[in-house]
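# Notes for the structure review
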Amino acid sequence: MLHKLAATWRHIFKLDPDRKLSDLALQKICESGTDAIVVGGTDNVTFKNTWELFQRLKKFPITCVQEISTASAIVPGFDGYLIPSVLNTDNAYWIHGAHHEALKKYGEFAPWEHIVFQGYVILNPEAKVSRLTRSRTELDPEDVTAYARIAEHLYRMPVFYMEYSGKFGDVEMVKAARKGLKNTRLFYGGGIRSEEQAKMMAEWADTVVVGNVIYTHVEMALRTVRWVKETKRVGSI
Ligand SMILES: CC(C)=CCC/C(C)=C/CC/C(C)=C/CC/C(C)=C/CC/C(C)=C/CC/C(C)=C/CC/C(C)=C/COP(=O)(O)OP(=O)(O)O
Ligand SMILES: O=P(O)(O)OC[C@@H](O)CO
Ligand SMILES: [Mg+2]
């Protein structure tokens, strides 16, 4: 069951199939002690570039999952699949429309026990993902707590993902998400590139996701594993 495995993840790296990474950097990322590698992105994610990255990752004994952003790029063989649904959009396509379209085609083949549904709240208005999904990013902490409660109690989602992709987020918003969650896991991702940032978010999030810094400063990215793992998460507020 992927959701049981995901419940043990403290730190994960997200690799973008559309970006170049040397073999050495990829090896260091896979051997870093992170809990899993997620393959996904917003732009130019294709079957070909996802498959090519997966072939390189398969050589390492690390859990690799695909985060699906377009059904045409689903690659069989991953250890599991993360399926986002954007909660702070009014566009039903990104809440469940794309999912309906995909399941009409591939529903027979869906490996349900290896699928985890994620409720996304996207908060960086500059991120491509926020433009694509027309997310309503002007939220206050009470909005975030309410979305967290929707994810946990109404949709019963296993993961609530606070997404600041490309920008370091507001810790008060992450605390607000924490306040609304008991069993649903809180993922935080966005802009982590220092010890202070990694530890600040690791105090409140169950799982910290690190992406862009892999491509700009791989040694810094590697250090985030230790910074996150040596931080104890505080309880609910
Ligand atoms: C054998 C086999 C595996 C068969 C297939 C069966 C299967 C797995 C079926 C699943 C069917 C299903 C329900 C698929 C989902 C289909 C789908 C397209 C859903 C839409 C998902 C969605 C809401 C996408 C919107 C974008 C988004 C939230 C992407 C998540 C990743 C993300 C936020 C990346 C950030 O990327 P980055 O590159 O950093 O972007 P920025 O530029 O914004 O920083
Ligand atoms: O790329 P960064 O900004 O580290 O964010 C990580 C992840 O949440 C992106 O989907
Ligand atoms: Mg990115």
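Summary of the structure given here. Note that the structure is predicted; figures quoted are calculated from it, not measured.

### Some points on the pattern of salt bridges
Summed over the entire model, instances satisfying the criterion amount to 15 salt bridges. A salt bridge links Arg 56 to Asp 23; its shortest N-O distance comes to 2.8 Å. Placement of Arg 56 in helix α3 (residues 47-57) and of Asp 23 in helix α2 (residues 23-30) is noted, with a sequence separation of 33 residues between them.

### Details of α3
An α-helical segment advances 3.6 residues per turn. Residues three or four places apart therefore align on the same side. Listed in full, the buried residues belonging to α3 are Asn 49, Thr 50, Leu 53, Phe 54 and Leu 57. Each buried residue of α3 sits inside an arc of 135 degrees when the element is viewed along its axis, so together they form one side. Packed against the buried residues of α3 are β1 (11-15), α2, β2 (36-39) and β3 (64-67).

### Structural notes on the nonpolar core
Core analysis: the biggest nonpolar cluster contains 60 residues, and Leu 15, Ile 37, Leu 57, Phe 160 and Met 162 have the highest contact counts within it. For this core, the element with the highest residue contribution is helix α10 (residues 218-229), accounting for 7 residues. Ignoring anything within four residues of it in the chain, the contact list for Met 162 reads Val 121, Leu 123, Val 144, Met 173, Val 174, Ala 177, Leu 186, Phe 187, Tyr 188 and Gly 189. In this structure, Leu 2, Ile 12, Ile 122 and Val 159 belong to the second largest nonpolar core, which totals 19 residues.

### Things to note about the packing of aromatic side chains
Enumeration over the complete set of coordinates arrives at 7 aromatic pairs. Considering the side-chain rings of Phe 78 and Tyr 81, the 6.1 Å spacing of their centres and the 70 degrees angle between planes classify their relative orientation as edge-to-face. Accessibility assignment for this pair places Phe 78 and Tyr 81 in one class, buried. Residues Tyr 161 and Phe 187 carry aromatic rings whose centres are separated by 5.9 Å and whose planes lie at 55 degrees to one another, so their mutual orientation is tilted. Linking Tyr 161 in strand β6 (residues 159-163) with Phe 187 in strand β7 (residues 185-189), this pair joins segments that are 26 residues apart in sequence. Overall, Tyr 161 belongs to the buried group, its relative accessible area being 2%. Each residue in the set Phe 54, Phe 78 and Tyr 81 is aromatic and connected to the rest through ring pairs, giving one cluster.

### What about the site of ligand 2?
Close to ligand 2 lie Lys 14, Tyr 161, Glu 163, Ser 165, Gly 166, Gly 189, Gly 190, Gly 191, Val 209, Val 210, Gly 211 and Asn 212, which account for all nearby residues. Lys 14 is positioned with one of its side-chain polar atoms (N or O) 2.7 Å from an oxygen atom of ligand 2. At 2.9 Å, a backbone N or O of Gly 211 approaches an oxygen atom of ligand 2. When isolated, ligand 2 has an accessible area of 300 Å², and the protein chains bury 93% of it. Those elements that provide at least two residues to the shell around ligand 2 are β6 and β8 (207-210). For the shell around ligand 2, the per-class residue count stands at 3 nonpolar, 7 polar and 2 charged.

### Some thoughts on the site of ligand 1
Within the structure, ligand 1 sits among 28 residues, and Thr 42, Glu 67, Lys 128, Val 129 and Ser 165 are positioned closest to it. Take Thr 42: an N or O atom from its side chain is 3.0 Å from an oxygen atom of ligand 1. Within the contact set of ligand 1, an oxygen atom lies 2.5 Å away from a side-chain nitrogen or oxygen of Ser 165. Within the complex, the protein chains bury 91% of what would otherwise be the 1,100 Å² of accessible surface of ligand 1. Listing elements by their share of the shell around ligand 1, those giving two or more residues are β4 (80-86), α4 (92-106) and α5 (128-133). The leading source of residues in the shell around ligand 1 is α4, at 5 residues. Considering only residue class, the shell around ligand 1 consists of 17 nonpolar, 7 polar and 4 charged.

Criteria and cut-off values
Residues numbered from 1 in each chain as written. Chains lettered and ligands numbered in written order. Predicted model: local features only at pLDDT ≥ 70, side-chain atom pairs only at ≥ 80, totals over all residues. Heavy atoms only, no water. Salt bridge = Lys/Arg side-chain N within 4 Å of Asp/Glu carboxyl O. Helix = DSSP H or I, 4+ residues; strand = E, 2+ residues; numbered from the N terminus. Buried < 20%, exposed > 50% of the residue type's maximum accessible area, 1.4 Å probe, protein only. Arc of directions from axis to C-beta. Contact = heavy atoms within 4.5 Å. Core = buried A, V, L, I, M, F, W, Y, C linked by side-chain atoms within 4.5 Å. Phe/Tyr/Trp six-rings, centres within 6.5 Å; stacked < 30°, edge-to-face > 60°. Near = heavy atom within 4 Å. Polar contact = N/O pair within 3.5 Å; in protein donor to acceptor, adjacent residues only side chain to side chain. Areas by Shrake-Rupley, 256 points an atom, 1.4 Å probe, with all protein chains shown as cover. Nonpolar A, V, L, I, M, F, W, Y, C, P; charged D, E, K, R; others polar.

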